[in-house]
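Below, each chain spelled out in residue letters.
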Amino acid sequence: MAFPQQRLRRLRATEPLRRMLKETRLAADDFIYPLFLKEGAGEKIEISSMPGVYHHSLDSLLKELEEVSALSIPAVLLFGLPGIKDETGSEAFAPKGIVQRGIMAIKASFPDLMVITDICLCAYTTHGHCGVIENGRIDNDKTLGILQKVALSHAAAGADMVAPSDMMDGRVGAIRSALDGNGYAELTIMSYAAKFASHFYGPFREAADSSPRFGDRKSYQMDPANPLEALREIALDMEEGADIIMVKPALAYLDIIFRAKEKFGCPLAAYNVSGEYSMVKAAAARGMLDETNVMMEMLQSIKRAGADLIITYFAKEAARVLREG
Ligand code: PBG
């Protein structure tokens, strides 16, 4: 049947009808809010490359979490900026490191808030790479042992979920076996499974002070041209024991999100990364677009493509819109 029997505009005629027939619905439950914890006391400090995002001390963190939990955002993702860096990133697994203390502080005050931690070395190494360096190259297998220690230290501090973002081969399996062997068989792994070597991470690297001091990340993060390789990465991480897989970045990679969801049907997260956030903020600050509506449309597109969870710096603002309309 075609026109005039079929008129799809009939279904768009009124606001209640449009609401009833909406195929994709965002909710605060979809969001994971990233937070940056920095050594030192006192007030939060705004990150210049990411308006509205802050470096938090352990003092300012708890105030922030009151807002997060009042907005019913279920989870946060923690990144740490350590006081000292070294060649192997050993502060990343210090029992009293900034992230470890952060986890303990959050769990003491907000036991129901899900604490997810980023597992990587780039913010902790002097060279800024995500793995350790041997003879000028990133040594995959030497890095695995360190990542295991980082994951165990986060588990011991009380993390609910760990999220390895380093892109070393075999790290999900290595972390899974370390957790299982130490009494943390129930702890969840969300793997940055298809993580591309993206220029959209620029603002984050300023925020986390994690830019590589030489070279780039192309020998471990994926080529943005390669969707089939992304599916292989995801399949391997699932075999190694990942509970949730992630595609990162989100907006320029909606096809990957869609294909991953179609093929695997497993819980899938997408990381709406710093560059995707900051370009909206910058355009809105210059009056070039309507920030709130663009934000909601972007988040909806990520969910529509197949993401169950969205890691986003917009989480609080979007949750507020969903609550207040
Ligand atoms: C650490 C890491 C990065 C991001 C999350 N974890 C940066 C990178 O890989 O260089 C990027 C997040 C963002 O841009 O918002 N490896």
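Just so you know, these numbers come straight off a predicted model, no measurement behind them.

Asker: Could you clarify how one ought to interpret the site of the ligand in this entry?
Answerer: Not every one of the 18 residues close to the ligand is listed here, only the nearest: Lys195, Arg205, Lys248, Ser274 and Tyr313. At 3.4 Å from a nitrogen atom of the ligand is found a side-chain nitrogen or oxygen belonging to serine 165. In the model, a nitrogen atom of the ligand is placed 3.4 Å from a nitrogen or oxygen of the lysine 248 side chain. Relative to its unbound accessible surface of 400 Å², the ligand loses 100% to contact with the protein. Here the shell around the ligand is built from residues that sort into 10 nonpolar, three polar and five charged.

Asker: Just to check I follow, could you spell out the pairing of strand β9 (residues 188–195) for this structure?
Answerer: For a regular strand, the rule is simple: side chains alternate between the two faces of the sheet. Burial analysis of β9 places eight of its eight residues in the buried class, the great majority of the element. Across four bridges, the pairing between β9 and strand β10 (residues 244–248) is parallel. Bridged to serine 191 within β10 is isoleucine 245.

Asker: I'm lost on the pattern of salt bridges in this one. Help?
Answerer: Where charged atoms from two side chains of opposite charge approach closely, those side chains can pair. Per the counting criterion, the structure on display carries 18 salt bridges. Two residues, arginine 101 and glutamate 39, come together in a salt bridge whose shortest N-O distance is 2.7 Å. Of the two residues, arginine 101 sits in helix α3 (residues 98–109) while glutamate 39 sits in the loop between β1 (31–38) and β2 (45–47), which places them 62 residues apart along the sequence. Between aspartate 308 and lysine 261 there is a salt bridge, with the nearest N and O atoms lying 2.7 Å from each other. Taken together, the residues span a long stretch of sequence, with aspartate 308 in the loop between α10 (291–305) and β12 (309–312) and lysine 261 in helix α8 (residues 254–264) at a distance of 47 residues. Salt bridges sharing common partners tie together Glu64, Glu67, Lys316 and Arg320.

Asker: Would you explain the packing of helix α2 (residues 58–70) against helix α11 (residues 315–324) in this entry?
Answerer: A pair of packed helices is characterised by two quantities: the angle between their axes and the separation of those axes. One way to put it is that α2 packs onto α11 with a least axis distance of 10 Å and a crossing angle of 35 degrees. Here α2 runs over α11; the crossing is left-handed. Residues Glu64, Glu67, Val68 and Ala70 of α2 pack against Lys316, Arg320 and Arg323 of α11. Broken down by class, the residue content of the contact of α2 with α11 amounts to two nonpolar, no polar and five charged.

Asker: Would you mind showing me how to read the environment of phenylalanine 31 here?
Answerer: Its place among the elements puts phenylalanine 31 in strand β1. The sequence separation of phenylalanine 31 and cysteine 120 amounts to 89 residues, and the corresponding C-alpha distance is 21 Å.

Asker: I tried to follow the environment of methionine 296 on my own but got confused; where do I start?
Answerer: Turning to its location among the elements, methionine 296 is positioned in helix α10. It is 24 Å that separates the C-alpha atoms of methionine 296 and tyrosine 192, two residues lying 104 residues apart in sequence. Discounting chain neighbours no more than four positions away, the residues touching methionine 296 are Leu26, Ala318, Val321 and Leu322.

Asker: What is the right way to look at the packing of aromatic side chains in this model?
Answerer: Aromatic ring pairs are defined here through the distance separating the ring centres and the angle between the ring planes. Applying the stated rule across the entire model yields nine aromatic pairs. Geometrically, the ring pair formed by phenylalanine 196 and tyrosine 253 is stacked, given 4.4 Å between the ring centres and 25 degrees between the ring planes. Linking phenylalanine 196 in the loop between β9 and α6 (202–208) with tyrosine 253 in the loop between β10 and α8, this pair joins segments that are 57 residues apart in sequence. We classify phenylalanine 196 as buried; its relative accessible area is 0%. Relative accessible area serves as the criterion here: at 7%, tyrosine 253 is assigned to the buried category. Ring centres 6.1 Å apart and planes at 45 degrees place the aromatic pair tyrosine 271 and tyrosine 313 in the tilted group. Of this pair, tyrosine 271 sits in strand β11 (residues 268–272) while tyrosine 313 sits in the loop between β12 and α11, and the two are 42 residues apart along the sequence. Looking at tyrosine 313, the relative accessible area reads 2%, which means it is buried. An aromatic cluster of three or more residues is present, and its members are Phe36, Phe79, Tyr192, Phe204, Tyr271, Tyr277, Tyr313 and Phe314. In this arrangement the basic side chain of lysine 248 is found over the ring face of tyrosine 271, its NZ or CZ atom lying 5.0 Å from the centre.

Asker: Would you mind showing me how to read the packing of helix α9 (residues 274–285) against α10 here?
Answerer: Running from amino to carboxyl end, α9 crosses α10 at an angle of 155 degrees, the nearest separation of the two axes being 10 Å. Comparing the axis directions of α9 and α10 gives the class roughly antiparallel. At the point where α9 passes α10, the crossing takes the right-handed sense. Counting all contacts with α9, which are made through Glu276, Val280, Lys281 and Ala284, the residues of α10 involved are Glu291, Val294 and Met298. Within the contact of α9 with α10, the residues separate by chemical class into four nonpolar, no polar and three charged.

Each value, and the rule that gives it
Here, residues in each chain are numbered from 1, in the same order as that chain's written sequence. Local features are withheld for residues below a pLDDT of 70 in this predicted model, meaning they are given only at 70 or higher, and side-chain atom pairs are given and counted only at 80 or more; totals for whole chains, interfaces and linings count all residues. In computing side-chain values, all of the structure's heavy atoms are included and hydrogens and water are not. Residues are classed as near a molecule or strand on a simple rule: at least one heavy atom within 4 Å of it. The term polar contact refers here to a pair of N or O atoms within 3.5 Å; inside protein, the definition further demands a hydrogen-donor-capable atom paired with an acceptor-capable atom, and it admits residues adjacent in sequence only when both atoms are side-chain atoms. Method for areas: the Shrake-Rupley scheme with a 1.4 Å probe, in which residue coverage is limited to the protein chains shown. All residues other than Ala, Val, Leu, Ile, Met, Phe, Trp, Tyr, Cys, Pro, Asp, Glu, Lys and Arg, Gly among them, are scored as polar; the first ten of these are nonpolar and the last four charged. Note on exposure labels: buried denotes an accessible area under 20% of the residue type's maximum, exposed denotes more than 50%, and partly exposed covers the range between, all computed with a 1.4 Å probe on protein chains only. In this text, helices come from DSSP runs of H or I with a minimum length of four residues, and strands from runs of E with a minimum of two, each type numbered from the N-terminal end. Strand pairing follows a simple DSSP-based rule, namely that at least 2 bridges must link the two strands. Any carboxyl oxygen of Asp or Glu that lies within 4 Å of a side-chain nitrogen of Lys or Arg is treated as forming a salt bridge with it. A fitted line through C-alpha atoms represents every axis, and for helices the fit uses only the stretch in contact; the resulting angles, taken between N-to-C directions, go from 0 to 180 degrees. By convention, the crossing between two helices is left-handed when the near helix turns anticlockwise from the far helix through less than a right angle, and right-handed when the turn is clockwise. Whether two residues are in contact is decided by their heavy atoms, any of which lying within 4.5 Å being enough. The aromatic pairing rule takes the rings of Phe, Tyr and Trp, using the six-membered ring of Trp, and pairs them if the centres are within 6.5 Å, calling planes under 30 degrees apart stacked, those over 60 edge-to-face and the rest tilted. Look at NZ for Lys and CZ for Arg. If either is within 6 Å of the ring centre and within 35 degrees of the ring normal, a charge sits over the ring. An angle counts as roughly parallel when it lies under 35 degrees, as roughly antiparallel when it exceeds 145, as roughly perpendicular when it falls between 65 and 115, and as oblique in every other case.

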